[in-house]
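One letter stands for each residue in the lines below.
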Amino acid sequence: MQLGGPKIMATNGVVHLTVSDDLEGISAILRWLSYIPSYIGGALPILSPSDPPERPVAYLPENSCDPRGAICGALDDGGKWMGAFLIRTALLRH
């Protein structure tokens, strides 16, 4: 049983990502750093959107609201994807 640690923190959403080894962790850090300018005052790395702004938001919380589902969507009981406010890959799933 854990009082904290990756198994607890990852499943309740306290941490954004868990990785299996140091190399995977460094790769994730470098990927996140690619979203900020390389120096103070530098140009933002602007990418072409892969998500149309007109996309419908289908996710509606029922009894409880998983914030990850409200942000990026979730699968319904039949396995169909219900989109939400951000694109499906905005949060990395564990």
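Anything mentioned here points back to the structure above.
Residues numbered from 1 in each chain as written. Predicted model: local features only at pLDDT ≥ 70, side-chain atom pairs only at ≥ 80, totals over all residues. Heavy atoms only, no water.

Draft legend 1. Summary view of a nonpolar patch on the surface. A surface patch of nonpolar side chains, about 840 Å² in accessible area, is lined by Ile26, Ile29, Leu30, Trp32, Leu33, Tyr35, Ile36 and Leu47. Structurally, Ile36 can be placed in the loop between helix 2 (22-33) and helix 3 (67-72). Residue Ile36 is classed as partly exposed on the basis of its relative accessible area, which comes to 46%. (Patch = residues over 30% accessible without salt bridge, like charges linked within 9 Å, V, L, I, M, F, W, Y side chains within 5 Å. Areas by Shrake-Rupley, 256 points an atom, 1.4 Å probe, with all protein chains shown as cover. Salt bridge = Lys/Arg side-chain N within 4 Å of Asp/Glu carboxyl O. Helix = DSSP H or I, 4+ residues; strand = E, 2+ residues; numbered from the N terminus. Buried < 20%, exposed > 50% of the residue type's maximum accessible area, 1.4 Å probe, protein only.)

Draft legend 2. The arrangement of the environment of Gly73 in detail. Assignment of secondary structure puts Gly73 in the loop between helix 3 and strand 1 (74-75). A residue is classified by how much of its surface remains accessible, and Gly73, at 1% relative accessible area, is buried. Linking Gly73 and Ala84, residues 11 residues apart in sequence, is a C-alpha distance of 4.5 Å.

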